[in-house]
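# What the coordinates show
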Amino acid sequence: METLTGSAAGVPYTALPPAVDGPAPLIVTWHMLDAPRTDAAFAAALPMRGVPAWRVHLGMPMCGARMVDGRVDAVVELARRDALLAFLAPFARQAAEEFPAALEALRRQLPVDDGPVSVLGASLGGAVALNVLATQAVPVRAAALVNPAVRLRSVVPLTDGLAGHPYHWTEEAHRVAEEFDFVARAGEITADLPLLVVSGERDHPVLRADATALVGELRAHSGGAELVTVPELAHPLAEEPGLDPAPQLPTAESVDEILTRWFSRQLTN
């Protein structure tokens, strides 16, 4: 079966079927806002073809099919207005809040089994996946994160170039940053959940430090989290502009192999 595209409760997606027939487990992903920054491009970067499951890549707000006039200008304007309160936090919050309805729609549209879903998030998509885990909005079987935004407080300074000015922290901004601090909220994540964090050796140092801190906190609660470092991997997983499917980079291929082995192991245990 070929790659499928569609919409689940208003959320666009790119779906890759397993090689086996009949109902199969489901892995849902959220892409980066760096390259690859659409569901279709993310599916090409991390197809996980060897995993015996449906891999459904959801589109983030205002990305891909939801871009305004097919341009990134609207996103840049939000970042300039307020990188945290108008851009990062609303995107992550909306993607997490629309997930339960999207999941219900996917179960009606695709031949997936009725077991707990697995999730994968990269960069800001990692904050979405962590929000889903912390709120326990849906049962989750296994989770993986790639160069994740573990703390939005750490991400905000990285957007100064996009915004065109240093960020001005307000009382509300500090409060929202606390909401999206998943090191502090690690205790809210199900203790025995299998969780893998993939961190690029050349990712932003602050994001690497947050990834290590998250795994440390999760291990303190359950001992089940794993951290894998990928040599030469910077933050993006694809070349710019990252809007359309593109040939897989060697570093993305390395991540893909890690995720394929890990999810295959979790789904067959």
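Report on the accompanying structure.

All right, on to the packing of aromatic side chains then. Per the counting criterion, the structure on display carries 5 aromatic pairs. Each ring, one from Phe87 and one from Phe91, has its centre 5.2 Å from the other, and the planes form 80 degrees; the classification is edge-to-face. Of the two residues, Phe87 and Phe91 both sit in helix 3 (residues 83-97), 4 residues apart, roughly one turn of that helix. Here Arg153 stacks its cationic end above the ring of Trp169, 5.0 Å away from the centre of that ring.

This part covers the sheet that holds strand 7 (residues 195-200). Ordered by their spatial adjacency, 8 strands build an open sheet running 1-2-4-3-5-6-7-8, and the pairing between neighbours is mixed. The sheet is open, and its two edges are formed by strand 1 (4-8) and strand 8 (225-230), each paired on a single side. With direction set aside, neighbouring strand axes in the sheet form an average angle of 20 degrees. Where strand 3 (residues 26-30) meets strand 5 (residues 117-122), 4 bridges bridge the pair, whose relative direction is parallel. Following the sheet pairing, Thr29 is matched in strand 5 by Leu120. The sheet strands contacting helix 9 (residues 205-221) are strand 6 (140-146), strand 7 and strand 8, and the helix crosses strand 8 at an angle near 155 degrees.

Moving on, we get to the pattern of salt bridges. A full pass over the atoms with the stated rule returns 8 salt bridges. We note a salt bridge from Arg175 to Glu172, for which the minimum N-O separation is 3.9 Å. Of this pair, Arg175 and Glu172 both sit in helix 8 (residues 171-179), 3 residues apart, which is roughly one turn of that helix. Residue class for Arg175 comes out partly exposed when judged on its relative accessible area of 47%. By sharing partners, the salt bridges in this structure join Arg151, Asp181 and Asp210 into a single network.

Here we come to the side chain of Ser123. If you trace the backbone, Ser123 turns up in the loop between strand 5 and helix 5 (124-135). Given the relative accessible area of 9%, Ser123 is considered buried. With residues up to four places along the chain from it excluded, the contact list for Ser123 reads Met32, Asp34, Val146, Asn147, Pro148, Ala149 and His235.

Cut-offs used in this document
- Residues numbered from 1 in each chain as written.
- Predicted model: local features only at pLDDT ≥ 70, side-chain atom pairs only at ≥ 80, totals over all residues.
- Heavy atoms only, no water.
- Phe/Tyr/Trp six-rings, centres within 6.5 Å; stacked < 30°, edge-to-face > 60°.
- Helix = DSSP H or I, 4+ residues; strand = E, 2+ residues; numbered from the N terminus.
- Lys NZ or Arg CZ within 6 Å of the ring centre and 35° of its normal.
- Pairing = 2+ DSSP bridges.
- Axes fitted to C-alpha atoms, helices over the stretch in contact; angles between N-to-C directions.
- Contact = heavy atoms within 4.5 Å.
- Salt bridge = Lys/Arg side-chain N within 4 Å of Asp/Glu carboxyl O.
- Buried < 20%, exposed > 50% of the residue type's maximum accessible area, 1.4 Å probe, protein only.

So, to be careful, I would describe these as geometric facts and stop short of saying anything about function.
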